[in-house]
Amino acid sequence: MTATALEEPVRKTSPGAAREPRRRPGRLRRIGLPYLLLLPALLLELLVHLVPMVIGIVMSFKELTQFYIRDWGTAPWSGLDNYKVSVDFDAPVGEALLHSFFVTVGFTLLSVALCWLIGTAAAIYMQDTFRGRGFLRALFLVPYALPVYAAVITWVFMFQHDNGLVNHVLHDQLHLTDKPSFWLIGDNSFYALLTVSVWKGWPFAFLIVMAGLQNIPRELYEAAALDGAGMLQQIRRITLPSLRPVNQVLILVLFLWTFNDFNTPYVLFGKSAPAAADLISVHIYQASFVTWNFGTGSAMSVLLLLFLLVVTGVYLLLTSRGRRTADA
Amino acid sequence: MRSIRAAAVGAVTMSFALALTACGGGSSSGGGSNDSPKTLTYWASNQGASIAVDKQVLQPELDKFEKQAGIKVKLEVVPWSDLLNRILTATTSGQGPDVLNIGNTWSASLQATGALLPWDAKNFDKIGGKDRFVDSALGSTGAEGKDPAAVPLYSMAYALYYNKQILADAGISKPPATWHELTADGKKIQAKGKTTLGAEGSNLSENIHHVFVFAKQHGADFFTSDGKPDFTNDNVVAAVKQYVDLMAKDKVVPTGDAEYAQNQSVSDFAKGKQAFLLWQSAAANLKSQGMSEDAYGIAPVPVQSGTPGTGAQVNSMVAGINISVFKNTKNLDGATQFVKFMTSDDEQKILNKAYSSIPPVKAAQEDAAFNSPSNAVLKSTLATSAAALPQVASESQFETAVGTAVKDLFADAAAGRAVTTDSVKAKLEKAQQQMPAA
């Protein structure tokens, strides 16, 4: 973001520089200037993103337990041991990691699908002007605007077994269950987590799709209507294809955010999530912070990073190829 | 042109500044110095009903210290949910407080990191000597055979708090002394529409404190004498099962308690919904929730049979808070002086009264306030029937692994699934496999 913003105005001045070719040092200076201006951003980027990442990778090759955390340098190198422990799926640590991985994949797919579906549906309904549209649009964005911690804490209260609103409605009023259910422990915790995640995530999909819809020319719909296309036909033939580039980015971003989400499960379940909702981010946190074994935790993080890189790469490859054939 | 040059200079300067701050991060190999003798940072644990209460209790004392020693103490009260993480972060970065409170069960784990100042004879002499402290409290300050990593500050013990009115209504004349009596009483209490006993099923530390005592009562320990985990020992399994069975089989703990982790069971007791509460030094907490001191009584925690004592008659862990000096402190002398102040007879009386705990300092225990009937129960428990949690380096991992196993078992019980010897053993086996190999 910063890089392009900095580069643009500088490039515009370069034709002016070309008019005086005699002053070579000055020209050199001007060519160097954009890079010089980029330097702070570059260093910050290094500092905030790359350096910690590299340190994390280094840590994953060390036996960084409680005996060494005070002085990392003294921690002995452990080669690939941390990785071996993480991917030995017959042993408890690897088995738990694999279980957590599958839970996370299932959870992410469901959450992204629901977020996208609800967000897109709401955005399409909000396209036509009607009284109170602005109010509804603002209302829909509230979950996205609320601080995560406050919002999820509220959900914790609602999901409580004894006094929670959810049980009050489902059990006391609608009599849908024989007895009040537990939402924060046991198997139901998966659905509790999914509910909060979708509630928190769909407004973003709504916002992005809504923005995408503004770019579709009205005439297309008018022409389609003249040709006798109904609402569903219009959505299938015009809206969705036009939203393709928007959706491509939206789904990737939603996927990465949901897969890596730490706040929601952590606030909902605390340090030890129930097995049914044991998301990988909290699992890794527990492997490093609660058992004080930062080496294994880092190895797991590196594996997660590799997985997400592969998924993102394959996704971009597939979608861009699809778009190229569509363009051709 | 001039503005471009200015921009370039700005960019370069900023880059250098960034590079410098990046390199200026904490060096963690230091061993304490006296570079800043006029200030101290103190991380206090949350002992009162809220953080605000803690500040009210501690600030006047810190002001007193500033007057005496000329050292300003910056106070931060850290909630329990964050304290261990904050200490770990401070340990890894080398940037931390000068003096801090730690849960006494963490002593050995934190000692192993080397982040805390060892209290050898020389350091103990600076605060008046080791003899000033009660033995049971000193037993929870670090691994055996090593210099303690901390000094006892507040001592607490578990007791059985009972609601006098509920017991009278159910026709029970005295609080139960054995678990058998407690479950029998439970039937009478529940017949009157009240619940019997509270538990914090999702609070890992609470789970550990209780199963530790049950294990003792079954003549078992979670660790072998040479410090190896031994969670699947038959007696340990029986002990854990007995605790979870309070909900699963005896039905004296309501199933809703399986998800409690925020002291909701204390509120249930304070509101008069529940007859019994197993808690450590609950008086101040109950008072802040509006329960009058006359409404409840305090009895020793039940045992299997007979009366509380040592060995299988243990009925509490040695609960408490220790105070430590961070090894990287820039004010070593001041920090030691502050520990001396906080463990002085006078301060011990003031602070332990405010927090309804028992002073681990012998002389301070003599004060009349600690001889009231309720405190007498806590004091005699600490003196005769409390045992320290395992003082091993992997204690904090043990709390997480076994605490989670018990939490899962409570979840099973709450969902109506059977809790059997096999299911308990399977959970404990999984917990044991998660323990570090060393």
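Rules used in this analysis
- Residues numbered from 1 in each chain as written.
- Chains lettered and ligands numbered in written order.
- Predicted model: local features only at pLDDT ≥ 70, side-chain atom pairs only at ≥ 80, totals over all residues.
- UniProt positions renumbered as here; feature names shortened; annotations may be inferred.
- Helix = DSSP H or I, 4+ residues; strand = E, 2+ residues; numbered from the N terminus.
- Buried ≥ 20, exposed ≤ 12 C-beta atoms within 10 Å, placed from the backbone.
- Contact = placed C-beta atoms within 7 Å.
- Domains from an automatic or database assignment.
- Nonpolar A, V, L, I, M, F, W, Y, C, P; charged D, E, K, R; others polar.
- Pairing = 2+ DSSP bridges.
- Axes fitted to C-alpha atoms, helices over the stretch in contact; angles between N-to-C directions.
- Expected span 1.5 Å × (residues − 1).

- Looking at an unreviewed UniProt entry, chain B carries the name Sugar ABC transporter substrate-binding protein, with the source organism given as Streptomyces brasiliensis.

- An unreviewed UniProt entry annotates chain A as ABC transporter permease of Streptomyces brasiliensis.
- According to the UniProt record, the Sequence similarities (unreviewed entry) comment for chain A reads "Belongs to the binding-protein-dependent transport system permease family."
- Comment text from UniProt for chain A, heading Subcellular location (unreviewed entry), reads "Cell membrane".

### A short note on the overall build of chain A
- The secondary structure content of chain A amounts to 14 helices and zero strands.
- Secondary structure elements in chain A, listed N-terminal to C-terminal, are α-α-α-α-α-α-α-α-α-α-α-α-α-α.
- Here chain A holds 328 residues, and the buried ones make up 30% of them.
- For chain A, restricting intrachain contacts to residue pairs at least 6 apart in sequence, the fraction spanning at least 24 positions comes to 65%.

### Thoughts on the overall build of chain B
- Across its full length, chain B holds 18 helices and eleven strands.
- By principal-axis analysis of the C-alpha atoms, chain B measures approximately 90 × 50 × 45 Å.
- Relative to its full complement of 438 residues, chain B shows a buried share of 52%.
- Taking the intrachain contacts of chain B between residues at least 6 apart in sequence as the baseline, contacts between residues at least 24 apart amount to 75%.

### Description of the domain arrangement of chain B
All names here are of chain B.
- By domain assignment, chain B separates into domain 1 (39–155 + 319–387) and domain 2 (158–317 + 390–433).
- Each of domain 1 and domain 2 has a C-alpha centre, and these two points are 27 Å apart.
- Contacts between domain 1 and domain 2 engage 25 residues on the former and 25 residues on the latter.
- For the side of domain 1 that touches domain 2, the elements supplying multiple residues, two or more each, are helix H4 (107–113), helix H16 (373–385) and strand E11 (386–387).
- At six residues, the largest contribution of residues to the side of domain 1 that touches domain 2 is made by H16.
- Here the residues of the side of domain 1 that touches domain 2 are counted per class, giving twelve nonpolar, twelve polar and one charged.

### Concerning the sheet that holds strand E2 (residues 72–78) of chain B
Residues and elements named next belong to chain B.
- Spatially, E2-E1-E3-E10-E4 is the arrangement adopted by the five strands of the open sheet, whose pairing is mixed. Single-partner strands in this sheet number two, and they are E2 and strand E4 (151–156). On average, adjacent strands in this sheet sit at an angle of 20° to one another, irrespective of strand direction.
- In terms of strand pairing, strand E1 (residues 39–45) meets E2 through seven bridges, oriented parallel.

### Here's the deal with helix H17 (residues 395–414) of chain B
- Taking 1.5 Å per residue as the helical rise, H17(B) with its 20 residues ought to reach 28 Å, and the 28 Å between its terminal C-alpha atoms agrees with that figure.
- With 20 of 20 residues buried, H17(B) is to be regarded as a mostly interior element.

### Side note on the UniProt feature "transmembrane region" (unreviewed entry) in chain A
Residues and elements named next belong to chain A.
- In this structure's numbering, the residues bearing the UniProt feature "transmembrane region" (unreviewed entry) are residues 32–61, 101–126, 138–158, 190–213, 241–259 and 298–318.
- Taken end to end, residues 190–213 is 100% helix and 0% strand, and its two terminal C-alpha atoms sit 33 Å from one another.
- A helix fraction of 100% and a strand fraction of 0% characterise residues 241–259, whose end C-alpha atoms lie 26 Å from each other.

### Some words on the UniProt feature "domain: ABC transmembrane type-1" (unreviewed entry) in chain A
- Under the local residue numbering, the UniProt record ascribes the feature "domain: ABC transmembrane type-1" (unreviewed entry) to residues 101–315 of chain A.
- Helix and strand shares over residues 101–315 of chain A are 75% and 0% respectively, and the end C-alpha atoms of the span are 19 Å apart.

### Topic: the sheet that holds strand E6 (residues 195–197) of chain B
All names here are of chain B.
- Strand order in the open sheet made by the four strands is E6-E7-E5-E8, with mixed pairing throughout. This sheet does not close on itself; its edge strands, each paired only once, are E6 and strand E8 (296–299). This sheet shows a mean twist of 25° between the axes of neighbouring strands, independent of strand direction.
- For strand E5 (residues 158–163) and E8, the ladder comprises four bridges, and the chain directions are antiparallel. Opposite Asn163, over in E8, you have Tyr296 as the bridge partner.

### Here's the deal with helix H9 (residues 204–217) of chain B
Residues and elements named next belong to chain B.
- Here H9 spans 20 Å end to end across 14 residues, near enough to the 20 Å set by a 1.5 Å rise per residue.
- The buried fraction of H9 is high, at 13 of 14 residues.
- After H9 finishes, the residue Gly219 shows a positive phi value of roughly 70°.

### Here's the deal with the pairing of strand E10 (residues 319–325) of chain B
All names here are of chain B.
- Judged by how many residues are buried, E10 sits mostly within the fold: seven of seven residues are covered.
- Residues Ala319, Ile321, Ile323 and Val325 line one face of E10 and the alternating positions Gly320, Asn322 and Ser324 line the opposite face, and both faces are buried.
- Where strand E3 (residues 99–103) meets E10, five bridges bridge the pair, whose relative direction is antiparallel. Bridge pairing in E10 links Asn101 to Ile323.
- Two strands pair when backbone bridges link them, and E4 and E10 are joined in this way by five bridges, in the antiparallel orientation. Looking at E10, one finds that Val151 is bridged to Ile323.

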